[in-house]
Amino acid sequence: GAGVSQSPSNKVTEKGKDVELRCDPISGHTALYWYRQSLGQGLEFLIYFQGNSAPDKSGLPSDRFSAERTGGSVSTLTIQRTQQEDSAVYLCASSPPHWGTEAFFGQGTRLTVV
Amino acid sequence: AQTVTQSQPEMSVQEAETVTLSCTYDTSESDYYLFWYKQPPSRQMILVIRQEAYKQQNATENRFSVNFQKAAKSFSLKISDSQLGDAAMYFCADSYNNAGNMLTFGGGTRLMVKP
């Protein structure tokens, strides 16, 4: 498809396990973002990739969270030793590099830590 | 730090009527963009309308328009002729130049449309 694709759509994991969330951005979009949306809340910025530049990791809530982007395309968000407070919807977005352009979002991954 | 505030957690409108969703923001930047995004139950965020801060004219997209008051740092969304498909969460957001397209979101307003 032509849109941003995220997998899995839903993930249930046990507390303490590691999880990986995947994002396939729109082809040609150099910018990629991860956001977290807790139940009934707004979106919280996590991390931002722009081309080959060093990512902006200022939104990552703890060192249990990490993300990488391989070949300037697919990105993986990894949460180690998951906690119940990590339960949320994780949304990925991509955009062209130009400031002010539309960011296109995926449908998110709903993570539930039990 | 930038903050975006939506003071209405929920709003309700009768089908075919007009509703206005409020948003205020706080920034020291002179150059920025403002956005309204819609999030239906599918979870996918969809851009509704965008405003460049240096443009005086209010943006309009079909039934959607904004009232941008730069001095007051206010950016409200007006939906005219409301339709059942407009029911969703609406998020106000901003971005500024040296943060790429990173968006700072408000807490959202849930819009219900009554038939």
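Now for a look at the structure at hand. Note that the structure is a prediction, hence the values are computed from the model and not measured.

1. Quick word on unusual backbone geometry
Going from A:Ser7 to A:Pro8, the amide bond is cis rather than trans, its omega being -10 degrees. Although it is not a glycine, B:Asp81 sits at a positive phi angle of roughly 50 degrees. Take B:Asp81: it is sitting in the loop between β9 (74-79) and β10 (88-96).

2. Some details on the pattern of salt bridges
By the definition in use, this model includes seven salt bridges over all chains. A salt bridge links A:Lys17 to A:Glu14; its shortest N-O distance comes to 3.9 Å. In this structure, B:Lys73 and B:Asp26 form a salt bridge, with 3.7 Å as the shortest nitrogen-oxygen distance. One end of the pair, B:Lys73, is in the loop between β8 (64-69) and β9; the other, B:Asp26, is in strand β4 (residues 24-26), with 47 residues separating them in the sequence.

3. Regarding the side chain of A:Thr109
Within the secondary structure layout, A:Thr109 lies in strand β10 (residues 109-113). Looking at A:Thr109, the relative accessible area reads 0%, which means it is buried. Looking at A:Thr109, its side chain comes within polar contact range of the main-chain oxygen of A:Pro8, at 2.5 Å. Each residue touching A:Thr109, except ones within four places of it in the same chain, is listed here: A:Gln6, A:Ser7, A:Pro8, A:Ser9, A:Lys11, A:Leu21, A:Ala88, A:Val89, A:Tyr90 and B:Arg43.

4. Focus on the state of the cysteines
Taken as a whole and judged by the stated rule, the model has two disulfides over all chains. With its sulfur 1.9 Å from that of its partner, A:Cys23 forms a disulfide with A:Cys92. One disulfide, between A:Cys23 and A:Cys92, carries an S-S torsion of -65 degrees and so falls in the left-handed class. Taken together, the positions of A:Cys23 in strand β3 (residues 19-24) and A:Cys92 in strand β8 (residues 88-95) put the pair 69 residues apart, joining distant regions of the chain. Each of the two residues, A:Cys23 as well as A:Cys92, counts as buried. Two residues, B:Cys23 and B:Cys92, share a disulfide whose sulfurs are 2.0 Å apart. Looking along the S-S bond of the B:Cys23-B:Cys92 disulfide, the torsion reads about -70 degrees, which is the left-handed sense.

5. Concerning the interface of chain A and chain B
The interface of chain A with chain B comprises 27 residues on the first partner and 24 residues on the second. Between chain A and chain B the total buried area reaches about 2000 Å² when both faces are included, carbon and sulfur atoms providing 53% of it. Its largest share of buried area at the contact with chain B, chain A owes to A:Trp99, A:Phe105 and A:Gln107, together 37% of the area lost on that side. There are zero salt bridges connecting chain A and chain B. Applying the counting rule to chain A against chain B returns eight residue pairs in polar contact (both at pLDDT 80 or more). Only β4 (31-37), β5 (43-50), β8 and β10 of chain A provide two or more residues apiece to the side of chain A that touches chain B.

6. Quick look at the layout of surface pockets
Approximately 350 Å³ is the volume attributed to the largest pocket. Surrounding the largest pocket, 18 residues form its lining, A:Gln37, A:Leu39, A:Gly40, A:Arg110 and B:Gln39 being those nearest its centre. Broken down by secondary-structure element, the contributors of at least two residues to the lining of the largest pocket are β8 and β10 of chain A together with β10 of chain B. Broken down by element, the residue count for the lining of the largest pocket peaks at three residues, all from β10(B). Along the lines of polarity and charge, the residues of the lining of the largest pocket split into nine nonpolar, six polar and three charged. Around the second largest pocket, the lining residues are B:Leu47, B:Val48, B:Ile49, B:Arg50, B:Gln51, B:Glu52, B:Lys55, B:Gln57, B:Asn58, B:Ala59, B:Thr60 and B:Glu61.

What counts and what doesn't
- Residues numbered from 1 in each chain as written.
- Chains lettered and ligands numbered in written order.
- Predicted model: local features only at pLDDT ≥ 70, side-chain atom pairs only at ≥ 80, totals over all residues.
- Heavy atoms only, no water.
- Helix = DSSP H or I, 4+ residues; strand = E, 2+ residues; numbered from the N terminus.
- Salt bridge = Lys/Arg side-chain N within 4 Å of Asp/Glu carboxyl O.
- Buried < 20%, exposed > 50% of the residue type's maximum accessible area, 1.4 Å probe, protein only.
- Polar contact = N/O pair within 3.5 Å; in protein donor to acceptor, adjacent residues only side chain to side chain.
- Contact = heavy atoms within 4.5 Å.
- Disulfide = S-S within 2.5 Å.
- Buried area = accessible area lost by both parts, 1.4 Å probe.
- 1 Å grid on protein atoms, 1.4 Å probe; cavity = no way out; pocket = protein on both sides within 12 Å on 5 of 7 lines; lining within 4 Å.
- Points joined across faces, edges and corners; volume = space filled by probe spheres on them.
- Nonpolar A, V, L, I, M, F, W, Y, C, P; charged D, E, K, R; others polar.

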